[in-house]
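Listed below are the residues making up each chain.
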Amino acid sequence: MTTARSLHLPLEGVRVLDLGQFIAIPFCTLWLAWLGAEVIVVESRRRMTSRTAPPFAEGREKEPNASGYFNHLYSSKKSVTVDMTTAEGRDIVRRIAGVCDVMVDNFSTGVLEKLGLGYEAIAAISPSIIMLSNGAFGRVGPMANSRGLHSAVNLFSGVADVTGYAGGHPRLLGGVLPDPLSGTYSGFAIMAAIYHRQKTGQGQFIDVAMHEAMLTLIPEAVIDLTMNDVEPQRVGNRDRVHAPHGIYRCQEDDTWLAVSVKDENSWVAFCKAAGHAEWLNDPRFATLDARRMNISALDMAIEQWSLGQNAHAAADLLQRAGVPAGPVLRLDEMLDNEQLNARGGVVSIDHPVVGPRRQMALPWRMDSLGVEYRRAPLLGEHTREVLTELVGVSESDYARLEAGGVLS
Amino acid sequence: MSGNAQPSIHGPLAGVTVVELGDGTAGPYTAKLFGDLGADVIKVEGPEGDVSRRRGPFPDGRADPEASGLFMYLNSNKLGAMLDLDSKPGLADMHELLGRADIFITNIPGKRLEALGLDAKTLRARYPKLIVTTISPFGADGPWADKLGDELVTFAMGGMAYSTPGMPDAADDLIKEPPLHPACFVAETIAGLVAAEGAMAALLGRGRTGEGCHVELSQQAAMASLQIRDVMTASYVGSRYNRLLNPVTIGRMPNFYLPCKDGYVTVAGPMEIHWDRLVETMGNPAWAKSELYSTEIARTANWVALRLKLIEWTMTLTGDELHAFAEKSQLPIFPFYTIRRLTEIEHSRVRQTFVEVDIGGKQARMPAAPFKMRGTPWSLRYPAPRLGEHTAAVLKDGLPA
């Protein structure tokens, strides 16, 4: 675990109020927390963010401190339990917002305003607050109130229009990508807004639409359609320009090899390494144009070869010959992947309830700045600390709020 | 093309100077994100130009390095300098630019950077306040450091290929439907975005330390780090599940991707209340009340049969009809939109989701800002540079104020 305490953390001194749910905003603030921001999560037994969601540690189903969903996404954050359905609870949340630099949410559009916690209300007490609000369809526009989880965003964003097998129907990109992708854009936008505020003192509201985050993946298709009236196509793993470009079946069940040939040198290297030098003289494959014309025959010929190969060994063979290639990794294999591990890309975080668990770390390294991986908080672990030390709730008021159920 | 240029407005990163030595999507996209927020970005290209100048899409399919759609998108809001880094004067000019820069961004191969003396170690020593941002397929060290990787290979080794088609979609057949990569640059765009977040963090960190930083990103790791939902499952359940439909990958029930009368819809009702609303919307069919489907556990156990029951219903309705039901009862049901439809709807117009551009004399639309900052709004300040368009200007006159 690389906890370089001697180095400054990039976001030291930045305090974030996190009203996130699902993955998008919790993922955004996960990286902010690792980078040193103090992230205060407001939840309650009525609204337990993702603590009720699987996967759970074995034998600990439904325990609020045993959810992998929560413990992965809330590493390095603080948990404060406040019941926002009560007026006093909402007042506490406003007071926390008043001492934060940044506030984030991904409720359905309008929920925050109904709670009296919208941007106008918070900016009235804290004008320089940076508020980022992440919605499936954004916070502005006729569809702002539409509901949708990641799969709806995927279907709406246009990405599904270019995802699919040749000639087949639209398919969904994996990894619930609209969530972490829009969360990553959110983190970048927040840091840019912090920079701006440091220069000018000005805070602001940031509207993130998950579908617009996805749209950044498909500029070529958008431009070809709007400029040339060319309809998007689903072409499996093939590329518009290069060939071969594919994912080929290997010897063991459901194992696959990705091969990407970008120029004639690597085509020659590929044919020789695969033991099929005769393809170089085959008129169907001799030139890029010919290969594109005969792409089905080419893909079939390559698969005849790859079916006799182990995916990892074949990737090594092609790499040694100078051809970009790699095995398709399953998600469980990624945790053990030697390259990711060699670079500190997988971090093990210990936790009093579920023990040490591995997850993906920040994917970049910094030589002059630190990052900090701490365990996820237990439910309500920081309620007293935040209320009494940070927002100045007196001990007697704290006792009264607690007895009244506001802090549960 | 300068006719498109609008008066400079101050973005949140006004005053930040970025030098980009990028190629393709990843590095150029990092720099574009800075340019979009008001930083002064100087893109340095060699005499042959960025590879995406040769990729298109081109107006009417006619190849033209000054009218490649992908290049125009990735390099708007930048100035362009053409430098021959293999010549002494070219390299000297590069150092002149670096001497004035806050951030350097590159995704060209590490070996080439070393040969030019532009590797991170050398630059960090020579320019102690510079933030050096490097993107490589697998990172600068480790057993795969020198291997060849690109969009497809890092996508596959970052776990995304195996998880596509993904939840609540899945492969119908493990042999006929391989792990899938979409026809776009997913891994490179994500690497570009993540590198921008890293460089931005380092810029804020520099405000505290006064020191530069090497932000060193692996494209494979960037892809992998976004796989949080599937990795948490592997970490907690440890299961090795295949790519076919199954309750482990699909999550809480019902959560389906289904055909309808005129296309496809997603039906995501992960919570009890969603299920109740869904049953009501279907007109309270008797089967839905049976104990086979009345609890989440039962729905998960009987998900195969449940899927078929739902298809019977969705096939009687169009995507828009299903969506109308959903809007009325706050149900997460949503239909597939083509890109064409997305470009035509009022929501896109109101949000300024797309921006009009001129590409080689033809009008086109590109994605605009992926987030809207009210205090510092995005604009297309200037279109992508022609090769070497601003070489003299940025070297002789210094950077624009």
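Quick note: structure is the one above.
Residues numbered from 1 in each chain as written. Chains lettered and ligands numbered in written order. Predicted model: local features only at pLDDT ≥ 70, side-chain atom pairs only at ≥ 80, totals over all residues.

Student: Looking at this model, I keep getting lost on the sheet that holds strand β8 (residues 256-260) of chain A. Mind explaining?
Tutor: Through backbone hydrogen bonds, the strands of a sheet pair up, either in parallel or in antiparallel fashion. Residues and elements named next belong to chain A. Pairing within the open sheet is antiparallel, and its three strands lie in the order β7-β8-β9. If you trace the sheet from one side to the other, it starts and ends with β7 (245-249) and β9 (325-327), each paired once. Each strand axis lies, on average, 20 degrees off the axis of its neighbour in the sheet, ignoring direction. Relative to β9, β8 is paired through three bridges, and the arrangement is antiparallel. If you follow Ala 258 over to β9, its bridge partner there is Gly 326. Contacting β7 and β8, helix α12 (residues 295-306) runs over the sheet at an angle of about 40 degrees to β7. Here helix α13 (residues 311-321) sits on the sheet and contacts β8 and β9; the angle it forms with β9, its principal contact strand, is near 165 degrees. (Pairing = 2+ DSSP bridges. Helix = DSSP H or I, 4+ residues; strand = E, 2+ residues; numbered from the N terminus. Axes fitted to C-alpha atoms, helices over the stretch in contact; angles between N-to-C directions. Contact = placed C-beta atoms within 7 Å.)

Student: It is not clear to me how the environment of Ala171(B) should be interpreted in this structure. Could you clarify?
Tutor: All names here are of chain B. Note on placement: Ala 171 falls in the loop between α6 (151-157) and α7 (186-209). On the basis of neighbour count, Ala 171 is assigned to the buried category, with 21 C-beta atoms found within 10 Å. C-alpha separation for the pair Ala 171 and Arg 243, spaced 72 residues apart in sequence, amounts to 5.8 Å. Ignoring any residue separated from it by four or fewer positions in sequence, one finds Ala 171 in contact with Pro 165, Glu 177, Arg 243 and Leu 244. (Buried ≥ 20, exposed ≤ 12 C-beta atoms within 10 Å, placed from the backbone.)

Student: Is there a simple way to think about the interface of chain A and chain B in this case?
Tutor: When the parts of a complex come together, some accessible area is lost, and that lost area is often used as the size of the interface. With 126 residues of chain A at the interface, the matching set in chain B holds 127 residues. Here the side of chain A that touches chain B is composed, by residue class, of 73 nonpolar, 33 polar and 20 charged. Pairing geometry for strand β12 (residues 364-366) of chain A and strand β6 (residues 213-218) of chain B, over three bridges, is antiparallel. Looking at β6(B), one finds that Trp364(A) is bridged to Leu217(B). (Nonpolar A, V, L, I, M, F, W, Y, C, P; charged D, E, K, R; others polar.)

Student: Whenever I open this one, the pairing of strand β11 (residues 362-367) of chain B confuses me. Can you help?
Tutor: A regular strand carries its side chains on alternate faces of the sheet. All names here are of chain B. Taken together, the six bridges between strand β10 (residues 354-359) and β11 define a ladder with antiparallel strand orientation. Counterpart to Glu 356 in the pairing with β11 is Arg 365. The hairpin formed by β10 and β11 contains two residues between the paired strands, and Gly 360 there has a positive phi angle of roughly 55 degrees.

That's the geometry; what it means functionally is another story.
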